[in-house]
Amino acid sequence: MSITKLEVARGVTLNVMETDKFKTNYLSVNFLVPLREETASLNSLIPRVLSRGSEKYPTLELFNKRLDYLYSASFSESVMRRGENQMIEFAAQFVDNVYAFDDTDITGGVIEMLDQLIFHPLTKEGRFVSEYVESEKRNLIDSIKAQINNKRYYAIARCGEEMCRGENYRFSAEGTVEGVSAITPESLWAQYKHLLKNSRVEIFFSGRCDPEKLRGIFAYMFAGGMDSIPELKTEVIRTAGEVREVIEDQPVAQGKLSVGFRTGHVLSDGNYHIFALFNELYGGSPTSKLFTNVRERLSLCYYCSSRPEALKGVMIVASGIEVDKFEQTRDEIIAQLEGIKAGNFTDGELESAKNALINGYRAHNDSPAALDGWYLSRMLAGLSDSPDDAAAKVAGVTREQIIEAAGKVVLDTVYFLRGTLLPEGEDDAEGTEE
Amino acid sequence: MNNKATKTNSHGFTVREDSSIGEKYFYTRHSSGLDIYVFPKKLTTYYAVLGTRYGSIHNRFRRDGDSEFIEVPDGIAHFLEHKMFDKGDGVDTFERFSKTGASANAFTSFNMTAYLYSCTSNFYDSLEILLDYVTKPYFTEQTVQKEQGIIAQEIRMGEDNPGRALLFGMLGAIYEKNSVRIDIAGTVDSIAKINADLLYRCYETFYNLGNMALCVCGDIECEKVLETADKILGTEPRRAFRVESVQEPEPRGVYKKRFTRHMQVAQPLFAIGFKDCDIPDDPKERMKRDQALGLISDMLFSKSGSFYNELYAEGLLNPDFGTWGGNEESYSFKSIDGESRDPEAVYRRLMEYIDRLHRDGLCREDFERFLRVAYSEYIKSFDSISEIAEKSLSDIMKGYDPFDWPEVIRSIDFDYVTKVFGQVFRDENAAMATVLPLDDKTKSES
């Protein structure tokens with residue numbers, strides 16, 4: 001299965017994967033811009049306001065009803081961080097026309113709705129409807145505040161923020177409460193118009209289609225393309241100074257430890273599969289060093305795993321532990337890394353890690369959304385290799401290459417969310433029933 | 001809409017086909033007693049899941065020949081699931097799977113435990129491992145103790161999870177006796193009471209092949225699946241016995257109207273539960289009612305409906321809103337979950353809305369639209385091998401045939417939906433759980 005890249009307009013690329021393997025098609029339109037403090041909140045609010053109403057579907061209710069009729073097509077709008085870039089994604093998954101039991105053109109219908117959603121928002125006096133802007137500001141602020149509800153991800157995000165406190169990577173793609181509060185219908189409209197003409201746009205389609213026809217449709221939609229195409233780069237730091245330790249208290253039961261490293265490896269280096277294999281061995285699977293030692297041997301936790309960011313070159317190891325096990329867990333996480341640097345792993349363990357990584361790469365082929373993510377990261381790194389290409393390179397990696405890759409990983413920041421609640425029964429955490 | 005045929009292939013498998021969407025499955029009962037389902041699918045990945053009808057609710061049971069029912073500690077089914085990965089020969093199960101390149105996992109729900117893996121090669125070698133480790137228990141006091149530490153951390157993690165507090169708060173409010181109200185993982189105290197003997201007792205009762213089913217999905221040959229089963233499970237029938245698991249009789253109506261807990265959340269969360277007190281005995285009828293309840297929640301609470309859109313416009317609801325449900329022989333419920341600055345106002349509005357519908361009737365156009373949505377969702381579910389295998393296993397554990405859904409959808413008419421709505425969506429069947437921010441507590445106390 002291969003991907004075809006078609007130039008739609010200046011700065012707008014269509015990536016097509018023609019396949020009849022699936023019953024559903026997948027379509028996403030992604031706007032990429034540099035992640036900056038002054039625009040992050042605005043960009044984050046835009047898709048929320050767009051989803052409130054368009055010229056043809058002025059209310060959420062009408063929009064969603066239309067989706068129901070299009071064989072329960074699903075639409076999602078999301079904003080995420082890719083390296084030090086912000087990506088605004090509009091994605092749709094929908095049943096292919098061949099499975100329609102009447103003459104509905106599902107694909108055509110979905111493209112029309114996407115056009116409405118992105119290019120034809122409901123306006124009043126030449127800009128967004130102000131009550132939509134106000135209510136979506138509230139919803140976005142609620143959502144930013146709700147990041148604290150999930151302690152595991154909160155602790156990971158905080159660690160990244162502390163580690164990269166002088167870099168653009170510290171900004172959340174969702175924006176900030178202060179940033180969102182300051183938005184006016186005028187400032188949002190101006191940023192929306194700017195975004196439409198000054199982004200890099202990647203469109204991804206998987207399923208049954210006529211690629212040339214599709215290109216024609218998007219060329220019409222993006223009339224003329226971009227005025228300017230932003231440079232999408234990410235600052236990579238491969239060293240760390242003195243290790244910082246940040247401890248934050250919160251009234252929760254379990255402590256959340258996040259250990260941040262500079263990996264010394266990024267996708268654009270061209271040999272990322274070696275580092276990815278190291279990561280698999282270190283903390284990527286149930287046979288990894290972290291899982292088998294921190295969890296299985298020492299019973300310190302339920303989860304302990306490492307997750308690298310391939311564009312920025314950082315990695316965070318996350319674990320949930322008893323508060324008094326902080327030092328022991330931190331030291332073990334570091335010791336396991338040092339162990340790999342010293343060649344302390346068997347050929348069997350390396351083989352297992354290879355199997356897991358190859359399996360993980362190849363599994364992308366069964367998920368259009370996963371492939372979309374794969375190729376977007378590759379594009380940002382200036383690459384275009386497929387998951388199968390990457391899988392083919394894994395088998396040949398040697399022990400020495402792993403030891404060398406591990407040698408470049410350095411500890412940067414230790415973040416601990418220290419729970420202050422006593423174990424259940426010793427406080428009043430129990431719910432009350434009426 | 002679809003045509004189905006049932007025939008038998010050369011290896012003794014029965015074939016069931018849904019030609020309208022080009023899908024089929026093969027079924028056979030292996031000579032050991034295990035039910036095997038094969039869903040052929042030409043994709044890159046393969047998936048296998050082996051399940052037993054044993055979940056967190058089965059905490060009071062007896063086997064043929066036992067005179068007394070035994071009661072076991074809460075969370076033991078989940079604990080047992082964890083312990084199945086440990087083996088006496090020093091070889092860890094994950095390690096065995098890593099040699100074949102499979103990614104293995106397991107989960108425990110209210111009514112089942114499932115062991116699974118996905119892979120892109122060596123499917124049959126991994127299937128050998130799956131069938132082998134799940135049929136070979138190994139528990140010692142030492143390994144039980146080690147697991148108590150790990151699961152205690154899993155439970156502590158759950159204690160900080162507002163969603164989990166909300167879920168069990170809601171179930172604990174609508175159910176008074178049924179064990180579905182108890183957290184699947186148990187508590188740190190209840191799992192401390194688990195020992196190797198108890199684990200063996202539960203294993204011997206519920207992990208007999210007649211109580212289990214295997215679903216595999218991918219580019220798979222039935223014959224090879226049978227060969228693997230023969231090799232690992234043998235061809236002799238295993239001793240079959242009956243398991244009796246009981247629940248204390250559940251009174252009609254809800255137990256408590258409210259559950260409230262204060263946690264560190266940004267905004268109040270709510271779950272409004274509706275309890276179905278008239279669960280049919282016949283699986284086919286249950287399937288129909290299950291589908292009807294899904295249609296009703298869509299008609300009432302979907303994002304294309306008036307309830308959500310009115311409250312959204314007023315700022316009482318935000319995009320974090322949705323419905324879900326659960327059901328088997330002894331319990332059935334629907335839950336409406338969301339975030340709101342004023343959950344009591346949402347509850348009040350919801351009850352007024354339902355009252356109005358009881359008075360004026362449901363909307364026929366909505367009903368037609370969601371029939372279409374239901375069928376579309378059925379089609380969409382055949383794009384992911386994990387979803388095919390897991391959803392099918394879940395259906396099979398409940399006594400449903402996974403290919404019966406289109407027929408069930410067609411059999412539902414507006415009158416039936418109106419009847420079920422009238423029985424379930426009533427004030428006496430409803431309760432609300434809320435998780436409120438900690439600072440609200442400070443405010444209310446000061």
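This is a predicted model, so every value here is computed, not measured.

With that out of the way, let us pick up the overall build of chain A. For chain A, the count of helices and strands is 15 helices and 14 strands. Computed over the C-alpha atoms, the radius of gyration of chain A is 23 Å, within 12% of the 22 Å expected from 2.2 N^0.38 for a compact globule of 434 residues. With the principal axes as the frame, chain A shows a C-alpha extent of 60 × 55 × 45 Å. When burial is assessed residue by residue, chain A has 58% of its 434 residues classed as buried. Of the contacts formed within chain A by residues at least 6 apart in sequence, a portion of 82% connects residues at least 24 apart. Of the roughly 16900 Å² that chain A leaves accessible, carbon and sulfur atoms contribute 49%. Distance between charge centres in chain A, computed from 48 positive and 66 negative side chains, equals 4 Å.

On to the overall build of chain B, then. Helix and strand content of chain B: 16 helices and 16 strands. On C-alpha atoms alone, chain B measures out to a radius of gyration of 23 Å, which is about the 22 Å that the 2.2 N^0.38 rule sets for 446 residues. Overall, the C-alpha framework of chain B stretches about 60 × 55 × 45 Å when taken along its three principal axes. Residue burial in chain B is summarised as follows: out of 446 residues, 60% are buried. When the accessible surface of chain B is summed, it comes to about 17000 Å², and 46% of that surface belongs to carbon and sulfur atoms. For chain B, the distance from the average site of its 56 positive side-chain charges to the average site of its 73 negative ones is 2 Å.

Our focus in this paragraph is unusual backbone geometry. Residue and element names in this part refer to chain A. Phi angles above zero are rare outside glycine, and Y71 is one such case at about 55°. With respect to the helices, strands and loops of the structure, Y71 is situated in the loop between α2 (60-69) and β4 (74-82). The backbone of E125 sits at a positive phi, close to 50°, despite the residue not being glycine. Mapped onto the elements of the fold, E125 is located in the loop between β6 (123-124) and β7 (127-128).

A few words now on the domain arrangement of chain A. All names here are of chain A. Here the domain parsing of chain A yields domain 1 (4-221) and domain 2 (244-419). Taking the mean C-alpha position of each, domain 1 and domain 2 sit 30 Å from one another. The partner domain 2 presents 35 residues to the 32 residues of domain 1 that form the contact. For the pair domain 1 and domain 2, the two sides together bury roughly 2900 Å², of which 66% comes from carbon and sulfur. If you sort the residues of domain 1 by the area they bury against domain 2, R82, R152 and M163 come out on top, with a joint share of 21%. Inspection of the domain 1/domain 2 interface yields 6 salt bridges.

Attention now moves to the interface of chain A and chain B. Across the boundary between the two partners, chain A contributes 69 residues, which contact 72 residues of chain B. Buried surface at the junction of chain A and chain B, both sides included, amounts to about 6000 Å², of which 49% is carbon and sulfur. If you look at where chain A meets chain B, you find 5 salt bridges. A salt bridge links D68(A) to R369(B), with the nearest nitrogen and oxygen atoms 2.9 Å apart. Linking chain A with chain B are 36 residue pairs in polar contact (both at pLDDT 80 or more), by the criterion used here.

Bringing the packing of aromatic side chains into the picture now. All names here are of chain B. Under the criterion given, the structure shown has 56 aromatic pairs over all chains. Judged by centre distance (4.7 Å) and plane angle (45°), the ring pair of F274 and F425 falls under tilted. Here F274, found in strand β13 (residues 269-275), pairs with F425, found in the loop between α15 (414-424) and β16 (430-437); they are 151 residues apart in sequence, far enough to count as distant. Each member of the pair, F274 as well as F425, is classed as buried. Measuring from centroid to centroid gives 5.7 Å for Y400 and W405, while their planes differ by 85°, and the two rings are edge-to-face. Here the two residues Y400 and W405 agree in accessibility, since each one is buried.

We now examine the confidence of the model for chain A. Close inspection of predicted coordinates is inappropriate in any region flagged by low pLDDT. Taken over all residues, the pLDDT of chain A has a mean of 94, while the share at 70 or more is 97%. Confidence over residues 425-431 of chain A falls short of pLDDT 50; this stretch has 10 contacts with residues more than four positions distant or in other chains.

Residues and elements named next belong to chain A. Judged by pairing direction, the sheet is mixed, and its 5 strands sit side by side in the order β9-β13-β10-β12-β11 without closing on themselves. The open sheet terminates on both sides in strands that have one partner only, identified here as β9 (244-250) and β11 (304-309). Along the sheet, successive strands turn relative to each other by an average axial angle of 15°, direction set aside. Strand direction decides the pairing type here: β11 and strand β12 (residues 314-321), joined by 6 bridges, are antiparallel. If you follow E309 over to β12, its bridge partner there is V314. Helix α9 (residues 272-284) rests against β10 (255-262), β11 and β12 of the sheet, and its axis sits at about 160° to β11. Packed onto the sheet, helix α11 (residues 326-341) meets β9, β10, β11, β12 and β13 (410-419) and runs at close to 30° relative to β10.

Attention shifts here to the sheet that holds strand β7 (residues 70-71) of chain B. Residue and element names in this part refer to chain B. Taken in spatial order, the 3 strands line up as β7-β6-β11 in an open sheet, and their pairing is antiparallel. Each edge of the open sheet is held by one strand with a lone partner, namely β7 and β11 (243-245). When strand β6 (residues 60-63) meets β11, the two strands line up antiparallel, connected through 3 bridges. Across the sheet, the residue bridging to R63 is V243, located in β11. Running over the sheet, helix α7 (residues 196-206) touches β6, β7 and β11 and is turned about 65° from β6.

Compared with an ideal rise of 1.5 Å per residue, which puts 19 residues at 27 Å, helix α9 (residues 283-301) of chain B spans 26 Å between its outermost C-alpha atoms and is within 8% of the ideal. A large share of α9(B) lies buried, amounting to 15 of its 19 residues.

Let's shift gears to a negative patch on the surface. Residue and element names in this part refer to chain B. Taken together, E221, E223, E227 and D230 make up a surface patch of like negative charges. Checked against the element boundaries, E227 lands in helix α8 (residues 222-233). Accessibility expressed as a relative area gives 47% for E227, which makes it partly exposed.

A few words now on the nonpolar core. F31(A), F218(A), F222(A), F274(B), L300(B), F301(B) and F425(B) are the most contacted members of the largest nonpolar core, which totals 131 residues. Counting 60 residues, the second largest nonpolar core, distinct from the first, contains F26(B), I129(B), F206(B) and V225(B).

Before going further, it helps to examine the pairing of strand β1 (residues 4-9) of chain A. Residue and element names in this part refer to chain A. Relative to strand β2 (residues 12-18), β1 runs antiparallel, the two being bridged by 5 bridges. Looking at the pairing, A9 lines up with V12 of β2. Hairpin connection between β1 and β2: a loop of 2 residues separates the two successive antiparallel strands, and G11 in this loop has a positive phi of roughly 80°.

Residues and elements named next belong to chain B. In terms of domains, chain B is made up of domain 1 (4-245) and domain 2 (258-445). On the surface where domain 1 and domain 2 come into contact, there are 3 salt bridges. In this structure, E407 and R16 form a salt bridge, with 3.9 Å as the shortest nitrogen-oxygen distance. Viewed at the interface, domain 2 and domain 1 are joined by 10 residue pairs in polar contact (both at pLDDT 80 or more). Those elements that provide at least two residues to the side of domain 1 that touches domain 2 are β2 (14-18), β3 (23-29), β4 (35-40), β5 (46-52), β9 (113-119), α5 (162-174) and β10 (212-218). At 9 residues, the largest contribution of residues to the side of domain 1 that touches domain 2 is made by α5. In the side of domain 1 that touches domain 2, the residues fall into 28 nonpolar, 8 polar and 10 charged.

Scoring rules and cut-offs
Residues numbered from 1 in each chain as written. Chains lettered and ligands numbered in written order. Predicted model: local features only at pLDDT ≥ 70, side-chain atom pairs only at ≥ 80, totals over all residues. Heavy atoms only, no water. Helix = DSSP H or I, 4+ residues; strand = E, 2+ residues; numbered from the N terminus. Rg over C-alpha atoms; globule rule 2.2 N^0.38 Å. Buried < 20%, exposed > 50% of the residue type's maximum accessible area, 1.4 Å probe, protein only. Contact = heavy atoms within 4.5 Å. Areas by Shrake-Rupley, 256 points an atom, 1.4 Å probe, with all protein chains shown as cover. Lys, Arg positive; Asp, Glu negative; His and termini not counted. Charge placed at Lys NZ, Arg CZ, Asp CG, Glu CD. Domains from an automatic or database assignment. Buried area = accessible area lost by both parts, 1.4 Å probe. Salt bridge = Lys/Arg side-chain N within 4 Å of Asp/Glu carboxyl O. Polar contact = N/O pair within 3.5 Å; in protein donor to acceptor, adjacent residues only side chain to side chain. Phe/Tyr/Trp six-rings, centres within 6.5 Å; stacked < 30°, edge-to-face > 60°. pLDDT = per-residue confidence, 0-100. Pairing = 2+ DSSP bridges. Axes fitted to C-alpha atoms, helices over the stretch in contact; angles between N-to-C directions. Expected span 1.5 Å × (residues − 1). Patch = residues over 30% accessible without salt bridge, like charges linked within 9 Å, V, L, I, M, F, W, Y side chains within 5 Å. Core = buried A, V, L, I, M, F, W, Y, C linked by side-chain atoms within 4.5 Å. Nonpolar A, V, L, I, M, F, W, Y, C, P; charged D, E, K, R; others polar.

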